[in-house]
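Examining the three-dimensional arrangement
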Amino acid sequence: MNGLSFSELCCLFCCPPFPSRIAAKVAFLPPEPTYSFVPDETGTKFTLNLTDRAEWQYSQRELEGTEVFFTRTPRGNRIACMFVRCTPNARFTILFSHGNAVDLGQMSSFYLGLGSRINCNIFSYDYSGYGISTGKPSEKNLYADVDAAWHALRTRYGISPENIILYGQSIGTVPTVDLASRYEVGAVILHSPLMSGMRVAFPNTKRTWFFDAFPSIDKVPKVTSPVLVIHGTEDEVIDFSHGLAIYESCPRAVEPLWVEGAGHNDVELYGQYLERLKQFVSMELVN
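Residues numbered from 1 in each chain as written. Predicted model: local features only at pLDDT ≥ 70, side-chain atom pairs only at ≥ 80, totals over all residues. Heavy atoms only, no water.

Below, the discussion takes up the UniProt feature "domain: Serine aminopeptidase S33" (unreviewed entry) in the chain. The UniProt feature table records "domain: Serine aminopeptidase S33" (unreviewed entry) at residues 90-198. Structurally, residues 90-198 comprises 40% helix and 21% strand, and the distance from its first C-alpha atom to its last is 39 Å. (UniProt positions renumbered as here; feature names shortened; annotations may be inferred. Helix = DSSP H or I, 4+ residues; strand = E, 2+ residues; numbered from the N terminus.)

Structure follows, in C-alpha cells:
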C-alpha cells in the first residue's frame, strides 16, 4: 500500500473519488506472474509450472502434490486456484487470501511449509489481474474472487464450512472479512488487517465515508466465527492501530498475537507466529 502524493491528496479532496480509485491507489500491486498452468492433452487438467522467481524450496514430488485449476467468478473473470496437500490427516483446510505484491507461485513454498507445520491443507487463489487470473484488480472483483474460491473449495473438494479456516493477509483480509461476514466457518485468521482504505491513506479518518474502499471495520461485527488477529507492533504499511480496532470489533475474537517489533512483511519470521497458530488450530478450535 503506497503513500499518496500531494497532488493526489488535493485530487481526493477537490473531487471525492470513486471507491475503485482509492482501491487502485492504496492497494493493488500485482507482480509479473511467477508461474503458469500447463494443460494436458485434453486441455481440462493442468500441472503447475513455477519460474525461478517463485523460489520453490521443496522437491518435485511435493510440487506434484499441488493441484491447480481455473474457476470462473460471478463477474466473469477466470481465476487460478491451487490446492496444496500438506498433510494426509488434516482436519482443517485453510482458504488463504494472500497479500499484495505476490502471486500463487511466490506463495507456494510458504503454503507447503505452513500447512505441514500446523497440520492443515491450504487452498488459495489469485485475485483478478494477479498471476494468470484474468481481469483487473478492483474491490468488487476481490469479493467476487473470494466467492468463487469458496464455492470451488466447497463443491470440488466437498469440505464443509466448519472445517474451513479463512486466512487473510494484508489486502487479503478484505475479501476474508467480507466472506466471513456472510458465512459461518471453522475460524478466521486476520494477519495485518486494515480497517478501510481511507483509514490507511489518511490515518486520522474516524468514520467510513460513502466513497471509502475496503470497509472491513464495518463488516467485522457480523463475523460469527472465532477470529484470531495477528499484527506487528511496528507495521509501517498498515499501522498496528488497525489490528487493534479490528480485534476490538470482533464478537468472537480469541487471544490476539501482537508481535513486538515486527513490521508488515516479517511477522512469519518470529517464533511466536507458528506457536500461536499451532495452539489455535490444534487446541482452541478442537476443544
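Having seen it, we continue.
Moving on, we come to the side chain of D126. Along the chain, D126 turns up in the loop between β6 (120-125) and α5 (139-157). Summary of buried charges: D126 has no salt-bridge partner, and the nearest side chain of opposite charge, R53, is 11 Å away. Excluding residues that lie within four positions of it along the chain, D126 makes contacts with Y35, I79, A80, H98, V102, D103, L104, G131, I132 and S133. (Buried < 20%, exposed > 50% of the residue type's maximum accessible area, 1.4 Å probe, protein only. Lys, Arg positive; Asp, Glu negative; His and termini not counted. Salt bridge = Lys/Arg side-chain N within 4 Å of Asp/Glu carboxyl O. Contact = heavy atoms within 4.5 Å.)

As a further point, take the state of the cysteines. Under the defined criterion, the tally for this structure stands at zero disulfides. Left without a disulfide partner, C120 is nearest to the cysteine sulfur of C86, which lies 8.2 Å away. Using a relative accessible area of 0% as the deciding quantity, one classes C120 as buried. For C250, which is in no disulfide, the shortest distance to another cysteine sulfur is to C120 and amounts to 19 Å. With relative accessibility at 8%, the residue C250 sits in the buried group. (Disulfide = S-S within 2.5 Å.)

The first and last C-alpha atoms of helix α10 (residues 271-284) sit 19 Å apart over 14 residues, in line with the 20 Å expected at 1.5 Å per residue. Every buried residue of α10 is listed here: Y273, R276, L277, F280 and V281. Seen from one end, α10 has its buried residues packed into an arc of 115°, which puts them on one side. (Expected span 1.5 Å × (residues − 1). Arc of directions from axis to C-beta.)

For the pair α5 and helix α6 (residues 173-180), the least separation of the axes is 9 Å and the interaxial angle reads 65°. Like other packed secondary-structure pairs, α5 and α6 cross with a definite hand, here right-handed. For the pair α5 and α6, the contacting residues are L142, Y143, V146, D147 and W150 in the first and V174, P175, D178 and L179 in the second. A per-class count over the contact of α5 with α6 returns seven nonpolar, no polar and two charged. (Axes fitted to C-alpha atoms, helices over the stretch in contact; angles between N-to-C directions. Left-handed = near helix turned anticlockwise from the far one by under 90°. Nonpolar A, V, L, I, M, F, W, Y, C, P; charged D, E, K, R; others polar.)

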